[in-house]
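Okay, here's what each chain looks like letter by letter:
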Amino acid sequence: MRQLYRMYNCGGASLRSLSVCSVPKQNKYVYRKYLESRDPDQVLAAQLYLAQNHALHVIPVPPTDETPSLPEGVDNRTIRYLWDGRYVCDYDENPTDEEEVEQVVIKYMDEYYEDREQDHRNGMDDSRTWLWEDESLLDGEDEEDEDEYELRTQWEYFSEDQEDTKEEVVVDKHINEQVLNDEDKLLIFTTGRQTFLPHQIGIKLMTRVRFKQHLDVNKDIKQFIREGEERREEERRRLQNQREIEVPPYHNYGEVMHMFDIVDVVFDFQGYILGYGISGDSRYMYVNMHPWPRGYPIQQIFDPPPAGDQPEVVVIDLAKMKVVGRSEPRQRIFCPADSFQQSPVQVTHQHVLTSAGNSGLLLDRHYGEEVCRLGNPHFLNHVVTGGEDGVIKVWS
């Protein structure tokens, strides 16, 4: 285990859901533009912005216009003691037992379709890493009315013809040291600043990280261990002689930010992030989140606001660092903050798979339409997984 980065823990929210992906080949975002500028005024402004916002660039993701607000005094404790543990903003005047569940529809910006079409023409999307295979389930001969009726399904999976890349020792000639990555990478994680529950997505640029594959360890292991114990004993004696131990002011990021690594971009959501997934070409990130009530006052980081019951999907373009699509579900019901569970997101070339409550949710990635919702009302605590060996397992 070797430490690569040291990140600041904002608001008691630990870093979660860490992942690493390549910088998109279509990248147009300039990282650390002002921090590495030759103009001292721009560098000073960037440092002051970093000290105040804990990142070089904070991109707010505001709630949709349809997100309602809650009356004063309605919080997690109030909702928890209500009937069914949910707060309904507007009751249906004519309820029916066969009420349909609102489908999730992602509304994309026009530039999303233009960029995907251009990437496909230039061969820069993830279509080459995925294969499709049609399988006929029902022939038309069994149908009386429709002679040409045919029911088909389509399988989508990674291509196995990709060559395995061997790990090579990369040496940076400028610093004359081994580095972990020759190409730039993105370290992506979830965190929070207003509450201890994750409501932010942090992105850090990983450029030529110094990393030695082999440690220079003394051949005499006993001597190496003995020297380490002596150093720790000396440090313990030094601290015992001090009457007052100076503790860095970790609560003030501006005074200790030199002790931590810099976060380049932060997407600040007004809601809880339950999971995210990245496309195969490392360009688009799909986020599953549940929004907060509009204008809800957050008094303490350990007293988070309630959240809407309907999941919302937000699409982020990592090449431009902007939101290019999102669903706008109608939020009628709000639940306590601790009633939500993590919902991983899987992204393929054509589909996006996540969960909504107790159901699996399959979306068409290009049109943003909901394909189907896979429910299991009898076994809510069961999970089914399938491996490359063709074995399907049921976990409870």
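Everything numeric here is computed off the predicted structure, so don't read it as measured data.

Engineer: Would you take a moment to explain the environment of V314 for this structure?
Structural biologist: Structurally, V314 is set in strand β15 (residues 312–317). When its relative accessible area of 0% is taken as the criterion, V314 is described as buried. A C-alpha to C-alpha distance of 5.9 Å links V314 and G325, two positions eleven residues apart in sequence. Not counting the four nearest positions on each side in its chain, V314 is found in contact with F269, M285, Y286, V287, M289, V323, G325 and R326.

Engineer: Got a minute to help me understand the pattern of salt bridges in this structure?
Structural biologist: Any two side chains of opposite charge can pair, on the condition that their charged atoms come close. For the structure shown, the criterion picks out 16 salt bridges. Between D115 and R283 there is a salt bridge whose closest N-O contact spans 3.2 Å. Here D115, found in helix α3 (residues 110–121), pairs with R283, found in the loop between β12 (271–278) and β13 (284–291); they are 168 residues apart in sequence, far enough to count as distant. With a relative accessible area of 9%, D115 lands in the buried category. Taking relative accessible area as the criterion, R283 reaches 2% and is therefore assigned buried. Here E370 and R373 are joined by a salt bridge, their closest N and O atoms 3.1 Å apart. Connected through salt bridges with shared partners, the residues E111, D115, D119, R283, D317, K320 and K322 form a single ionic network.

Engineer: I keep staring at the side chain of D115 and nothing clicks. Help me out?
Structural biologist: Of the polar contacts made by the side chain of D115, one reaches the side chain of K320; its length is 3.0 Å. For D115, the residues in contact, after removing those within four places along its chain, are R283, Y284, D317 and K320.

Engineer: Before we go on, may I ask you to explain a nonpolar patch on the surface in this structure?
Structural biologist: Taken together, the side chains of L239, I245, V247 and Y250 define a hydrophobic patch exposed on the protein surface, amounting to about 370 Å² of accessible area. Within the secondary structure, I245 is located in the loop between α4 (221–241) and α5 (253–256).

Engineer: Would you take a moment to explain the sheet that holds strand β16 (residues 322–327) for this structure?
Structural biologist: Strands belonging to one sheet form pairs held by backbone hydrogen bonds; the direction of such a pair is parallel or antiparallel. Strand order in this open sheet of five strands is β4-β16-β15-β13-β12, and the pairing throughout is antiparallel. A single partner strand is all that each edge strand has here, and the edge strands are β4 (106–108) and β12. Ignoring which end each strand starts from, the neighbouring axes of this sheet average 30 degrees apart. In this sheet, β16 lies alongside β4 in antiparallel orientation, the contact comprising three bridges. Pairing of Y108 across the sheet is with G325, part of β16. Its contacts with the sheet put α3 on β4, β13, β15 and β16, and the angle it makes with β13 is roughly 150 degrees.

Engineer: Any chance you could explain the packing of aromatic side chains here in plain terms?
Structural biologist: The description of two aromatic rings rests on the distance between their centres and on the angle between their planes. Counted according to the given criterion, the structure contains ten aromatic pairs. Three or more aromatic residues joined by ring pairs make a cluster, and in this case those are Y8, Y250, Y253 and F260.

Engineer: What's the story with the pairing of strand β9 (residues 185–191) in this structure? I'm lost.
Structural biologist: Look at any regular strand and the pattern is simple: side chains alternate between the two faces of the sheet. Here β9 lies mainly inside the structure; six of its seven residues are buried. Relative to β9, strand β1 (residues 16–22) runs antiparallel, the two being bridged by five bridges. Paired with C21 across the bridge in β9 is L186. The pairing of β9 with strand β10 (residues 200–206) spans seven bridges and is antiparallel. Residue pairing across strands places T190 opposite I201, the latter belonging to β10.

Criteria and thresholds
- Residues numbered from 1 in each chain as written.
- Predicted model: local features only at pLDDT ≥ 70, side-chain atom pairs only at ≥ 80, totals over all residues.
- Heavy atoms only, no water.
- Helix = DSSP H or I, 4+ residues; strand = E, 2+ residues; numbered from the N terminus.
- Buried < 20%, exposed > 50% of the residue type's maximum accessible area, 1.4 Å probe, protein only.
- Contact = heavy atoms within 4.5 Å.
- Salt bridge = Lys/Arg side-chain N within 4 Å of Asp/Glu carboxyl O.
- Polar contact = N/O pair within 3.5 Å; in protein donor to acceptor, adjacent residues only side chain to side chain.
- Patch = residues over 30% accessible without salt bridge, like charges linked within 9 Å, V, L, I, M, F, W, Y side chains within 5 Å.
- Areas by Shrake-Rupley, 256 points an atom, 1.4 Å probe, with all protein chains shown as cover.
- Pairing = 2+ DSSP bridges.
- Axes fitted to C-alpha atoms, helices over the stretch in contact; angles between N-to-C directions.
- Phe/Tyr/Trp six-rings, centres within 6.5 Å; stacked < 30°, edge-to-face > 60°.

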